Amino acid sequence: MNRHTYQSGIIGNCAYIAHVQTNTNISWLCWPAFDSTFVFGSKLDKEKGGEFSILPDGRFQSEQRYIPNTNILETIISNEEGTYKVTDFAPRFRQYDRYFKPLMLIRKVERISGEPRVRMRCYPVTDYGRTAQDRHRGSNHVEFTGGSDHMRLTTNVPISHFFEPGTFVLHDTKYLILTYGEPLEAPLEETAETFLRQTINYWRTWIKHTTIPPFYQEAVIRSALALKLHQYEDTGAFIAASTSSLPESPGSGRNWDYRYCWIRDSYYVLASLLRIGQFEEMEHYAEFISNISANEEGRYQPLYSITGRKELIEEELSHLSGYMDNKPVRLGNQAYEHVQNDVYGQVLLSLLPLYTDKRFVGKEKGHSSVWLDMIIGKIEQTIDEKDAGIWEFRNFANYHCYTNLFQWAGAKAAYRIAKEIREPKLEQRAEALILRASKHIEDCYDPQRKVYTHAVGSGHLDASTLQLIIMNYLDPASQKARDHLRALEGELRAENGLFYRYLHADDFGKPKSTFLICAFWYVEALASVGRTQDAIETFENLLPYANHLLLFSEDIDANNGDQWGNFPQAYSHVGLINAVNRIAVKLGTPRFLVTGS
């Protein structure tokens, strides 16, 4: 299949993520944090985005793969002169009873055969490509300065090579260690090799501690590893993607900055973490959500920065040409201003395990009654109002079925928490909200078409209502659930099980690409209603839409299979993990089930 896919993999250590192209170039790296300026950003502008590549002259062939069960990437370059391998990784391992995760990118370059000639370029930028960093020659390093950025490349490559044009023959192994803030003050080769061994061991141990059944194990392992990289360990927040402004489809203008934490989607992330048995990550993320809810006096925002910052003011970076000349390039995300009332239910569902999972002890529950009273109050205040909905419509509001579903599910979670902490008055208030939310959901039902529409008074269908089945609002064994699913797939299903979010016009016209997490929701819904073979076949049809490294984007063009949207998309990988879990349960494979699912 000759189609547009993102020809890159990611490396990272839960402090940063870097994108490594199949041509060895580091096309995206934001330092010192996920939402900082890029220091390499050729993904969004080949001229102003800088470069960090290790390439021969002329034509070459490339092969790229991960070292099995790790986030360490190998890129093999071959031409008529010879073959060499570039191993890229971000150090991560246990040290002094904590995780060592420096702002350090290590590149190991090894000759495999022949006498390959290579040219190494390292040209970082700052301020989103407005300024190239200054380069200063050191004894065994290159110093980079620009703005608040201070970086150093320590290497056994002759330093003059980075200041003069030309190639050199790769005879022995070369190491390049790029650091931010702190320079490397240790032996180069020994440090690189020690860090490589320890990082391989860390990732393989992490995978061994992950609960993954034999069913499509390779895909789940890669999704779990990719998802792990999207957690900013300093605070526990998960970002939607490490990139900004990769378009949902060519020329669509749907180019968004996704380097933030969508509280509104927290339930899906936490469900996937619990399903693969990664308790530490789940607990750390729950702490982040708990801190947000404790400090938020007004409405909860749909998203926050990785440090909990509220203002994510959106601006267009007009000096950048954009991915494949797709403008605009955006910094920030105006969705932080949106009213999305499903967020309260998401938070309640996310924190429910604190009260129902006996692995949590009393200290995690200290804020119970005050916090629960507050969030029940927020649902009471917002349950009868319109909002922007899950898809963040910018210019119109509705009484969205999906919003009411999560108010219903959140109220049920609140009821269980209230019962657990023995607060009968809060139980009563939660029960009343369950009934009110159910009434709004039923107002979306179209008895003639036997389907729930996307909003009260609307005839449009929406893939988000697949969650009525997945969340057990509709009994999956009921005819009503089967009818609803049939109606949705009849209108929104594309080839191979790809699924459109919706097909009606929004602020930017009609969507042209399908949304991958919706396709994985579809798989879950199929399995839930007992169409297990359909679920398996659909899941198998979706796997080829990954790139060469089993990494998934946000969107897929149903006409040609092209990958679009920010990449890799954490929620696509969350969707895959949850879909496999749902199938595995139906097949009778013992699984750890999420409470309330």
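Predicted model only: the values in this text are computed from it and were never measured. (Residues numbered from 1 in each chain as written. Predicted model: local features only at pLDDT ≥ 70, side-chain atom pairs only at ≥ 80, totals over all residues. Heavy atoms only, no water.)

### Concerning the overall build of the protein chain
Short version of the rule: The secondary structure listing takes helices from DSSP runs of H or I that are at least 4 residues long and strands from runs of E that are at least 2 residues long, numbered from the N terminus. A radius of gyration in this sense is built from C-alpha atoms; the matching globule rule multiplies 2.2 Å by the number of residues raised to 0.38. Relative accessibility decides the category of a residue: with a 1.4 Å probe and only protein chains considered, values under 20% of the type maximum give buried, values over 50% give exposed, and everything between is partly exposed. Contacts: residue pairs with any heavy atoms within 4.5 Å of one another. Accessible surface is estimated by sampling points in the Shrake-Rupley manner with a 1.4 Å probe; for residues, cover comes only from the protein chains shown. For the purpose of counting charges, residues Lys and Arg are taken to be positive, whereas Asp and Glu are taken to be negative. His and the chain ends are not included. The atom standing in for a charge is NZ when the residue is Lys, CZ when it is Arg, CG when it is Asp and CD when it is Glu.
Per the secondary structure count, the protein chain includes 14 helices and 30 strands. Scaling as 2.2 N^0.38, a compact globule of 597 residues should have a C-alpha radius of gyration of about 25 Å, and the protein chain matches this with 25 Å. For the protein chain, with 597 residues in total, the buried portion stands at 65%. Residue pairs at least 24 apart in sequence account for 66% of intrachain contacts in the protein chain once pairs closer than 6 positions are excluded. Carbon and sulfur atoms make up 47% of the accessible area of the protein chain, which amounts to about 22,000 Å² in all. For the protein chain, the distance from the average site of its 64 positive side-chain charges to the average site of its 74 negative ones is 3 Å.

### Observations regarding the pattern of salt bridges
So the rule is basically this: We define a salt bridge as a contact between a side-chain nitrogen of Lys or Arg and a carboxyl oxygen of Asp or Glu at a distance within 4 Å.
In the structure shown here, the tally under the stated rule is 33 salt bridges. Lys108 is the salt-bridge partner of Glu193, the closest N and O atoms lying 2.8 Å from each other. With a gap of 85 residues between them, Glu193 in helix H1 (residues 188–208) and Lys108 in strand S11 (residues 104–114) connect regions that are remote in the sequence. Per residue, the accessibility class of Glu193 equals that of Lys108, and both read buried. One salt-bridge network, held together by shared partners, links Glu63, Arg65, Glu74, Lys85, Lys108, Glu110 and Glu193.

### Quick look at empty space enclosed by the protein
Put simply, the test is: Two kinds of site are reported from a 1 Å grid over the protein atoms alone, namely cavities, where a 1.4 Å probe fits but cannot get out, and pockets, open sets with protein on both sides within 12 Å along at least five of seven lines, and residues are called lining when an atom falls within 4 Å of a point. Grid points are joined across faces, edges and corners, and a volume is the space filled by probe spheres set on the points. Residues are grouped as follows: Ala, Val, Leu, Ile, Met, Phe, Trp, Tyr, Cys and Pro are nonpolar; Asp, Glu, Lys and Arg are charged; every other residue, Gly included, is polar.
Evaluation of the coordinates by the stated rule reveals six cavities of 30 Å³ or more. A volume near 60 Å³ is recorded for the second largest cavity. Along the wall of the second largest cavity there are ten residues; nearest its centre are Tyr267, Arg275, Ile470, Glu524 and Arg582. Listed by contribution, the elements that provide at least two residues to the lining of the second largest cavity are helix H3 (266–275), helix H10 (467–470) and helix H14 (570–586). Classifying every residue of the lining of the second largest cavity gives four nonpolar, three polar and three charged.

### Structural notes on the layout of surface pockets
One number sums up the size of the largest pocket: a volume of about 430 Å³. Around the largest pocket, the lining comprises 22 residues; the ones closest to its centre are Gln21, Ser42, Lys43, Lys46 and Tyr323. For the lining of the largest pocket, the leading source of residues is strand S5 (residues 51–55), giving three residues. Residue composition of the lining of the largest pocket, grouped by class: five nonpolar, twelve polar and five charged.

### Structural notes on the sheet that holds strand S28 (residues 514–515)
How we decide: DSSP calls a pair of strands paired once it identifies at least 2 bridges connecting them.
Taken together, three strands build an open sheet; the order of strands is S28-S29-S30 and the sheet is antiparallel. Sheet topology places S28 and strand S30 (563–564) at the edges, where each strand pairs with a single neighbour. Pairing of S28 with strand S29 (residues 555–556) involves two bridges; the strand directions are antiparallel. In the strand pairing of S29, Thr514 is matched with Ile556.

### Focus: the pairing of strand S2 (residues 17–21)
The buried fraction of S2 amounts to five of the five residues, a majority that puts the element mostly inside the structure. Alternating positions in S2 separate into two faces, Ile17, His19 and Gln21 on one and Ala18 and Val20 on the other, with burial throughout. Two elements, strand S1 (residues 8–12) and S2, share five bridges in a ladder whose sense is antiparallel. Note on S2: the bridge partner recorded for Ile10 is His19.

### Observations concerning the nonpolar core
Test applied: Throughout, nonpolar core names a set of buried Ala, Val, Leu, Ile, Met, Phe, Trp, Tyr and Cys residues whose side chains join them through atoms within 4.5 Å.
Core analysis: the largest hydrophobic core is formed by 207 residues, its most contacted members being Trp31, Trp371 and Leu372. Excluding its chain neighbours within four sequence positions, the residues that come into contact with Trp371 are Ser293, Tyr300, Val347, Leu348, Leu351, Tyr355 and Ile417.

### What to know about the side chain of Asn255
For clarity, the cut-off: Polar contact is the term for a pair of N or O atoms within 3.5 Å; when the atoms are in protein, one must be able to donate a hydrogen and the other to accept it, and sequence-neighboring residues count only if both atoms are side-chain atoms.
Locating Asn255 in the fold gives a position in the loop between strand S21 (237–238) and strand S22 (261–262). In this structure the side chain of Asn255 is engaged in a polar contact, spanning 3.0 Å, whose partner is the backbone oxygen of Pro328. The residues contacting Asn255, other than those within four sequence positions of it, are Ser245, Pro247, Glu248, Asn326, Lys327, Pro328 and Arg330.

### Considerations on the environment of Trp371
With respect to the secondary-structure elements, Trp371 resides in helix H7 (residues 368–382). Trp371 sits in the buried class, given a relative accessible area of 4%. Along the backbone, Trp371 and Ser290 are 81 residues apart, and their C-alpha atoms lie at a distance of 9.3 Å.

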